[in-house]
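Each chain, written out:
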Amino acid sequence: MRPGQLIEEARRQIHELAGVEAEAVSGLAPDGDGGWIVTVEAVELARVPNTMDLMGTYEMTFSPEGELQGFRRLGRYQRAGP
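Residues numbered from 1 in each chain as written. Predicted model: local features only at pLDDT ≥ 70, side-chain atom pairs only at ≥ 80, totals over all residues. Heavy atoms only, no water.

Draft legend 1. Just the overall build of the protein chain, in detail. Assigned secondary structure in the protein chain consists of one helix and four strands. Of the regular secondary structure in the protein chain, the N- to C-terminal order runs α-β-β-β-β. Here the protein chain has a C-alpha radius of gyration of 13 Å; the compact-globule value for 82 residues is 12 Å, and the two agree. Overall, the C-alpha framework of the protein chain stretches about 40 × 25 × 20 Å when taken along its three principal axes. (Helix = DSSP H or I, 4+ residues; strand = E, 2+ residues; numbered from the N terminus. Rg over C-alpha atoms; globule rule 2.2 N^0.38 Å.)

What follows is the structure, given as structure tokens:
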């Protein structure tokens, strides 16, 4: 699977699994076994102003064929940061 296709699949899967919209893909790396690790930043709770949004960082692992193998939230943070 091409990287662009993998990123689109990660965006689709994050919405299905966590019910959140991907804001950005912040990482794409091989996992050492032919698969891929995709890191996604997503809005978990939208607030006004948007600098107060609660964001989540998710790590998703995919097989070489593009099948989702694993999914976990790495952390949460406020968009504006500390």
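Let's pick the thread back up.
Draft legend 2. Highlighting the pairing of strand 2 (residues 36-45). Where burial is concerned, most of strand 2 is hidden: seven out of the 10 residues are buried. Remark: five residues form the turn of the hairpin made by strand 1 (residues 21-30) and strand 2, two consecutive strands paired antiparallel; Gly32 in that turn has positive phi of roughly 95°. Pairing between strand 2 and strand 3 (residues 54-62): nine bridges, direction antiparallel. Bridging across to strand 3, Ala42 finds its partner in Gly56. (Buried < 20%, exposed > 50% of the residue type's maximum accessible area, 1.4 Å probe, protein only. Pairing = 2+ DSSP bridges.)

Draft legend 3. Broad picture of the environment of Thr61. The residue Thr61 is located in strand 3 in this model. Thr61 sits in the partly exposed class, given a relative accessible area of 22%. A sequence separation of 18 residues divides Thr61 from Arg79, and the C-alpha atoms of the two residues are 24 Å apart.

Draft legend 4. Quick peek at the nonpolar core. In terms of nonpolar packing, the biggest core is built from 11 residues, these being Leu6, Ala10, Ile14, Val20, Ala22, Val38, Val40, Ala42, Tyr58, Met60 and Phe62. Looking at this core, the elements that each hand over two or more residues are helix 1 (3-18), strand 2 and strand 3. Aside from chain neighbours lying at most four places away, what touches Ala10 is Val38, Val40, Met60 and Phe62. (Core = buried A, V, L, I, M, F, W, Y, C linked by side-chain atoms within 4.5 Å. Contact = heavy atoms within 4.5 Å.)

Draft legend 5. Seen up close, unusual backbone geometry. Omega for the peptide link from Val48 to Pro49 comes to -5°, which places this bond in the cis form. If you trace the backbone, Pro49 turns up in the loop between strand 2 and strand 3.

Draft legend 6. Quick look at the packing of aromatic side chains. Following the criterion strictly, the structure yields one aromatic pair and no others. When the centroid spacing of 5.5 Å and the interplanar angle of 15° are considered together, the rings of Tyr58 and Phe71 count as stacked. Taken as a pair, Tyr58 in strand 3 and Phe71 in strand 4 (residues 68-78) lie far apart in primary sequence, 13 residues in all. You can call Tyr58 buried: its relative accessible area is 5%. A residue is classified by how much of its surface remains accessible, and Phe71, at 33% relative accessible area, is partly exposed. (Phe/Tyr/Trp six-rings, centres within 6.5 Å; stacked < 30°, edge-to-face > 60°.)

Draft legend 7. Geometry of the side chain of Glu44. Position of Glu44 among the secondary structure elements: in strand 2. A distance of 2.5 Å separates the side chain of Glu44 from the side chain of Arg76, its partner in a polar contact. Ignoring any residue separated from it by four or fewer positions in sequence, one finds Glu44 in contact with Val20, Leu54, Met55, Gly56, Tyr58, Arg73 and Arg76. (Polar contact = N/O pair within 3.5 Å; in protein donor to acceptor, adjacent residues only side chain to side chain.)

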